[in-house]
Structures are given as structure tokens and as C-alpha cells.
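# Chains, contacts and geometry: an overview
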Number of protein chains: 6
Amino acid sequence: MATMATIRFVEESQATGEVKAVFDEVKAMLRVPFVPQLFRALAVNPAHLVSTWDQLKTVMMTGTLDLRTKAIAALAVSAATRCPYFVSAHTAVLKRLGVTDAELEELMTVVQLAIGLNAYVDGLGLEPDLHR
Amino acid sequence: MATMATIRFVEESQATGEVKAVFDEVKAMLRVPFVPQLFRALAVNPAHLVSTWDQLKTVMMTGTLDLRTKAIAALAVSAATRCPYFVSAHTAVLKRLGVTDAELEELMTVVQLAIGLNAYVDGLGLEPDLHR
Amino acid sequence: MATMATIRFVEESQATGEVKAVFDEVKAMLRVPFVPQLFRALAVNPAHLVSTWDQLKTVMMTGTLDLRTKAIAALAVSAATRCPYFVSAHTAVLKRLGVTDAELEELMTVVQLAIGLNAYVDGLGLEPDLHR
Amino acid sequence: MATMATIRFVEESQATGEVKAVFDEVKAMLRVPFVPQLFRALAVNPAHLVSTWDQLKTVMMTGTLDLRTKAIAALAVSAATRCPYFVSAHTAVLKRLGVTDAELEELMTVVQLAIGLNAYVDGLGLEPDLHR
Amino acid sequence: MATMATIRFVEESQATGEVKAVFDEVKAMLRVPFVPQLFRALAVNPAHLVSTWDQLKTVMMTGTLDLRTKAIAALAVSAATRCPYFVSAHTAVLKRLGVTDAELEELMTVVQLAIGLNAYVDGLGLEPDLHR
Amino acid sequence: MATMATIRFVEESQATGEVKAVFDEVKAMLRVPFVPQLFRALAVNPAHLVSTWDQLKTVMMTGTLDLRTKAIAALAVSAATRCPYFVSAHTAVLKRLGVTDAELEELMTVVQLAIGLNAYVDGLGLEPDLHR
């Protein structure tokens, strides 16, 4: 099947210097044998690859919320914004972390409920009344 | 300030029968001294109040994901879809569950990263390449 | 309260020519004693006012779907995309057309259900299986 | 083509008890010879299937708005939120109810107009000025 | 692969009168040897084709912002709202205008940053503090 | 009016070390006499402030697209996703760069057109047919 990608990505074999360094880190950290397209696209402007990878590590790997909770939040957001690439990617991460099919389904009912009620209250002009 | 609500809600003092029963349950479960507008709006059609409250309890109170994780996912979704009512409400729930300001900020960086990368990959036409 | 508007609109008293003509038509058609901000903003570039007003009349006033059904669809969309300006405006139109508070609430449960299930199926990667 | 679904659904042949009861009701009500993936996904947690099916029936089958109007609102929402699964499903329902291709196109111009103007007014910071 | 389109479009060979006139103008202006589906769908109701084409020309071809800037804004919006059809179409236009793969990638980092920070501030309830 | 912010931000007077360094840089670069809430919120976790500020500078200040074009794309995205905070902030930046009210209005008609047609084509199931 022809790809829909609109630009040409950096080939893994062409990577050198800091791009190669990030590529290697990505493969090691995600434990995948190839560099996902996301990073090959970012590498078109090496500064973007470095900057995004740094932010990704800062956000996902530091702080007090655990990785599983963060990946759950990220998957919820990706479902809410309809992104097949990251629905697939975050689900893959969660499965490795031991999340079951039943829990993934359960998470999506939370998304269904939350986004449904979001639209409901905004469609009727409700104003916040539950505060700390 | 005048309310922006587009319809007239059911007054708490007017509730009877199954509407009153749900109102009482809502106040007890959320431990608030008043019935939030959401439920007073749903009560305009009592069957909607009952049906949504049942679904809310089923989704949030059963299953294997804990309430804190679910409320985090719900807040992430509400941030992603820009709903002030539920950003406020889910944050209130999370604070009662002991989530700190620093963790709420941390969660929003996860949302920022996730939704940002969602749009990035879709804007370049990337197709899923990270599967189970 | 100070307005949040980011640009200066055309004052009704300053309108001349085709702008004034559209302004008059807008007030007559919507039966309001003032020109809503939407049209005063569009008038900053008169061609945009004319073009949008023409499209609005074509879409809302011709065809076989009745105005009430169209305004219901427009309100559903405005709830789904969180637009207070048009939630308010489309609701006002529907109330004039005789739609009740209970029906507006009912419509929002349809939006709640639809948008909730939309996210649910996309979050699990479902593909269309119900066709003509 | 391989499916993109991220979890394993309940097979129709494996359904028993209340899951089978809902499956049978779904097929009868939608008049389809198979159980759509949506319901087979929900059945992973039987309580979710029952709860969502109950809500679906309450929302779509009771009240004073007719089914055609509700399905039109649901399709408008699904277009606004970009959900191929439900664009396809709600369109299928509407075609059975006699809605023509020309009316479906007409509906999408309403969505186009509504969502376009939603973003226009929010991008210029307009505040509601059309009330009841 | 079977098309997902939900309605039957107007065939180019069937176009007459004002529909044919717009079709010819579209092909000439976009310099494509066929009429894109968008216009064949609009043609189902000829008034919609004329109205949308007029608006498209007014918006994209008049005013003081140049076409390249407008197409960049349109692509940014299409990425933000996840529309493969227009991600593809606006990208094609930009490539003809000389925009490079590196610039398209750069644009998507702008979208990533903007939409990410949008959700971040809304998820924490921030209010505008940067005005003119 | 009471703020809607859900967490307590870092006060400018409390900033030390790298937080103070970024705060000073922000004020100098944006030429504002105070630190916008966005950065005071990020500072709750200093690593997030540093990481986001670095990314913001990388994305907005490097590459070949000029700042005006990028701010236009960012404003278009903020209108599309309904973010009052950044509609206000990006508009302020653009006004300083000399963009007029008429051009801001013109930009919003581009957003209106783009997002409207996005929903239109997705609501009818169209597939990309305009490629490079």
C-alpha cells in the first residue's frame, strides 16, 4: 500500500551525528528494531528531533506520576483527538506495561463518558460549579 | 454575573421521585452540599438523569482501573477538548484524592506532548508503525 | 466587562453601500434590532461579508431539509466544537422556532452519545462496518 | 487488509447471557445480520455493553425529537469530529429512513458553515450577543 | 480499494451549465486534469458548488495576505483538525508554490507547539494575559 | 473576577536559579513587564519550564519560515482549537509585527473556509485525490 506521508523522511541508514545518536537512543528506549516514522520525520530538521526527544524524555520519564498513568493519559488524549498513529503507539506501550484488553476497553468508556459530558455541558452553556 | 445557561434546570427543591433519589445519591457520592448543574440539566428529562448516572457509576466505579487513574484520563480528555466545566470538576476530584498541584501540572505536560505529536504526525500523513 | 474581541469591528452607523445593505437584510431576516458582532467583524473586508452572507442564505434557506432541522444540526456541531457564541445564537433561533427546553436537553444527550461513541471507536481502532 | 483494532473483541458465537441478549436485540433493532464491532468491543466488559445499549435506547428512542432528526444531529457531530466509523453508520441509518444523497450533501454544507463560523468567531474573540 | 464515500458524486462527463463552468474553472485554476471529489460532491446541489467556489476564490485570491501564507494557515488548520484529504491537498498546493519538505516539517512543529500549549493552558484554567 | 486557574503558579518574586533565568529571558524576548501565566505554571516543575522554553525557541526562532508566518499558523491553530489564551497572545505578537485588523479578519476567513471544508469532506467520506 502506498504511503500517505507528504514529505520524505530521513532514512535510518543516512543518519549521522546527533541524529544517529537520538535514533539509537529511541530504538533502545522503545525496544524496537527500527526507528519509528515520527523520529525520521523530525530528523528532517535535526534540531527538532533533539528538542522533541528531550521534551519527550523530560515529560514521560521525570516527575512523580508513573509511566503507566502517563501513557494512559496520552492514549486517552489520542482517542479524544482521533490520532490512529498514537492510538496504536500508546496502546503498544501500555500492553508492554501489562495493561489488558479489558482495561483498554475500560479506559475508552472513560473517554466516551468524559468527552460526551464535556460536549453536553458546553452545549447547554453550563458554568463550572465544582471547585476545590 | 448572569449565567450563560441556555435552558432552565430543575431546582433541587422541586425534585421528587427518582430525580430526588439520584440528586441525593449525587450529593452523597460527590460529598457536595448542592446538586451540580450537570445533574439539574439532565433532570429536565428524568430518564436522561437516571441513564447517565447509571453509566457514570458503571464506568467510574467498576472494573480494574482505579478511580484516580480514571479521573486523570477524564481530566486529560477535558483539557484536550477544552471544557472548563469538567477541567474544574475533575481537578476537584483529583485534589480530594491527594493529587498535588505539581502532578496536575505534570499531567498537563503529558497532554501538551500527546496532543502536539498527534497533530504533528497527522499533518505529515504518517501511518501507524508501532503495534503490539 | 471589557470585550475580548481582538479587532475593531465596523460600527453599524458607519456602514454604507453593500455593507449597509447586508446589515439591513441581516436585521430583517434575524428580526433583531442590532447587527450581531459576527457581521460587523466580516464587514472589515466587505467582500467577506457579502460572500459569507450569500453562503449562509444558500445553505440555510434553500434545499429540502427544513430550517429547524438545519439549526438543530448547527447547534449540535457548535456544542461538539465548543463555541459559546453559536451555542447561544443557534439556541436563540431554535427557541423562536418553538423548540422547548426539554428538546434542547434531549438534543444534547444525542450529542453526548454521538461524540462519546465517536471517541470510543476511534480509541480502539474500529473500522466502519455499517454501510448502506 | 489487516484490521487496525487494538483489542480482541467478543466473538458473536461466544456470547452468552446478557451479552447474547443485547447482541440479539442489536441485530433485531438495527436489522443487520451481524453484530457491529462497536457492540463486540463493549462486550469485553459486559456491564459496559448493557449500560451503553440502555443509554443508546433511552437517548435515541424516547423523547419528542424524532429519530431522523436525532440521526441527522449525530451524523453532523460525527462529521465535525471526524469519525469514519459513525459517519458510515449514521449515514446508513439515514438512508434507510429515506434521506437522499442530495440531503446528505445539504447537511454537510450546514456542518461546513456552522463549524467554519464557529472557528471564525472564536478566532476573533467574539462574545455571545444573540440570546433568547 | 473500495471508496468510503457515502454519496454518489456528479460525474465530470455529466456536468452542464454552471456546474460545467465551475468544473472547467477549477481544473484551470488548480491546473489538474480532473475535477477533485470535493467539487463533484458539492455539485450534487449546484447552488452549493457555485457558492463555495465563489467563497473559496474570495477568501484565497483577494485581500493582502499572500496565497502561500494562506495555504500555510489552511494546512496548519487541517493538521490540527485531522483531515487527510486537505492535508494532502494543501500540501500539494504548497509544494507547487516552492515550499520544501523541510519547511513543511518546520510548519508541523509550529502546529505541534501551538496545539500542545493550547491544551496545556486550558487544562490548567489560565486566562488571557497577553493583549495588544 | 476570581481566576479560574486550577493550580497555584510560581510567583515571579519567588523565582531563583534556572527558573529566574528563563523568566528574565521570557520578559526580554516578549518585551513584556511581567511573566505570563503560562511560564509561571510551567515553573511548578522547573524542568518543564526549561524544556518547553527551549522547544519554543527552537521552533519559533530557527529554520527558514519567518516568525510572522509561524505566528499566523499558530493563531490559525488556536482559532481552530478554540483557545482564548493563545488567540489573544498570538494576536498580540502579530500586531507588533505589523499585521492589521483587516489581515487578522482575512486570516480568520481562511480558517473558516479550511475547517469548514475539512468537516465537509470527512462527513461525506472523501479520500485524498490531490497529491504532489
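This brings us to helix H4 (residues 67-80) of chain C. Helix length check: H4 of chain C, at 14 residues, gives a terminal C-alpha distance of 20 Å against a target of 20 Å (1.5 Å per residue), a fit within 8%. Here H4 of chain C lies mainly inside the structure; 12 of its 14 residues are buried. Along H4 of chain C, the residues classified as buried are Thr 69, Lys 70, Ala 71, Ile 72, Ala 73, Ala 74, Leu 75, Ala 76, Val 77, Ser 78, Ala 79 and Ala 80 of chain C. Those residues of H4 of chain C hidden inside the fold are in contact with helix H6 (101-123) of chain A, helix H3 (46-61), helix H5 (84-96) and helix H6 (101-123) of chain C together with helix H4 (67-80) and helix H6 (101-123) of chain D. One or two positions beyond H4 of chain C, positive phi appears at Arg 82 of chain C, with a value near 60°.

This paragraph deals with the pattern of salt bridges. All names here are of chain A. For the structure on display, the rule yields 42 salt bridges over all chains. Two residues, Lys 57 and Glu 25, come together in a salt bridge whose shortest N-O distance is 2.5 Å. Taken as a pair, Lys 57 in helix H3 (residues 46-61) and Glu 25 in helix H1 (residues 17-30) lie far apart in primary sequence, 32 residues in all.

Further remarks concern the interface of chain A and chain B. Counting residues at the interface gives 70 residues for chain A and 70 residues for chain B. For the pair chain A and chain B, the summed buried area comes to about 6100 Å², and 67% of that belongs to carbon and sulfur atoms. At the junction of chain A with chain B, the criterion picks out two salt bridges. Here Glu 106 of chain A ties to Lys 70 of chain B by a salt bridge, and the two come within 2.7 Å at their closest N and O atoms. Applying the counting rule to chain A against chain B returns 30 residue pairs in polar contact (both at pLDDT 80 or more). Taken together, the elements giving at least two residues each to the side of chain A that touches chain B come down to helix H2 (37-42), H3, helix H4 (67-80), helix H5 (84-96) and H6 of chain A. If you tally residues by element for the side of chain A that touches chain B, the top one is H6 of chain A, at 16 residues.

When chain E is fitted onto chain A, the two copies agree to an RMSD of 0.0 Å after a turn of 120° and an axial shift of 0.0 Å. Such a combination of turn and shift is consistent with a three-fold rotation axis. Of the C-alpha atoms belonging to chain E, the one lying closest to the rotation axis is found on Arg 82 of chain E, 4.4 Å away. An overlap of only 9% is found between the interface residues of chain E and their copies at the interface of chain A, pointing to separate contact surfaces.

Taken together, the 11 residues of chain E in the interface contact 12 residues of chain A. Here chain E and chain A share an interface that buries about 930 Å² over both sides, 54% of which is from carbon and sulfur atoms. When the area that chain E buries against chain A is broken down by residue, the three leading residues are Arg 82, Asp 101 and Glu 105 of chain E, summing to 50%. The interface formed by chain E and chain A contains zero salt bridges. Counting residues per element, the ones that place at least two in the side of chain E that touches chain A are helix H5 (84-96) and helix H6 (101-123) of chain E.

Here chain A sits on chain B after a turn of 180° about the axis and a move of 0.0 Å along it, with an RMSD of 0.0 Å. Accordingly, the operation relating the two chain copies is best matched by a two-fold axis. A shared binding surface is used by both copies, with 100% of the interface residues of chain A retained as interface residues in chain B.

Next up on the list: helix H3 (residues 46-61) of chain D. The terminal C-alpha atoms of H3 of chain D, which comprises 16 residues, lie 22 Å apart, in line with the 22 Å expected from a rise of 1.5 Å per residue. Those residues of H3 of chain D not exposed but buried are His 48, Leu 49, Ser 51, Thr 52, Trp 53, Gln 55, Leu 56, Thr 58, Val 59 and Met 60 of chain D. Where the residues of H3 of chain D are buried, they touch H6 of chain A, helix H3 (46-61) of chain B, H6 of chain C together with helix H1 (17-30), helix H2 (37-42) and H4 of chain D. Two residues or fewer after H3 of chain D comes Gly 63 of chain D, characterised by a positive phi angle close to 90°.

So, about a nonpolar patch on the surface. Residues Met 29, Met 61, Leu 67, Val 93 and Leu 97 of chain A make up a contiguous nonpolar surface patch of roughly 370 Å² in combined accessible area. For Met 29 of chain A, a relative accessible area of 32% puts it in the partly exposed group.

If you trace the backbone, Ser 78 of chain B turns up in helix H4 (residues 67-80). Here Ser 78 of chain B falls in the buried class, since its relative accessible area comes to 0%. Within the structure, the side chain of Ser 78 of chain B is placed 3.2 Å from the side chain of Asn 118 of chain A, a separation counted as a polar contact. When near neighbours in sequence (up to four residues on either side) are disregarded, Ser 78 of chain B contacts Asn 118 of chain A together with Cys 83, Phe 86, Val 87 and His 90 of chain B.

The rules behind these values
- Residues numbered from 1 in each chain as written.
- Chains lettered and ligands numbered in written order.
- Predicted model: local features only at pLDDT ≥ 70, side-chain atom pairs only at ≥ 80, totals over all residues.
- Heavy atoms only, no water.
- Helix = DSSP H or I, 4+ residues; strand = E, 2+ residues; numbered from the N terminus.
- Expected span 1.5 Å × (residues − 1).
- Buried < 20%, exposed > 50% of the residue type's maximum accessible area, 1.4 Å probe, protein only.
- Contact = heavy atoms within 4.5 Å.
- Salt bridge = Lys/Arg side-chain N within 4 Å of Asp/Glu carboxyl O.
- Buried area = accessible area lost by both parts, 1.4 Å probe.
- Polar contact = N/O pair within 3.5 Å; in protein donor to acceptor, adjacent residues only side chain to side chain.
- Least-squares fit on C-alpha atoms with pLDDT ≥ 70 in both.
- Patch = residues over 30% accessible without salt bridge, like charges linked within 9 Å, V, L, I, M, F, W, Y side chains within 5 Å.
- Areas by Shrake-Rupley, 256 points an atom, 1.4 Å probe, with all protein chains shown as cover.

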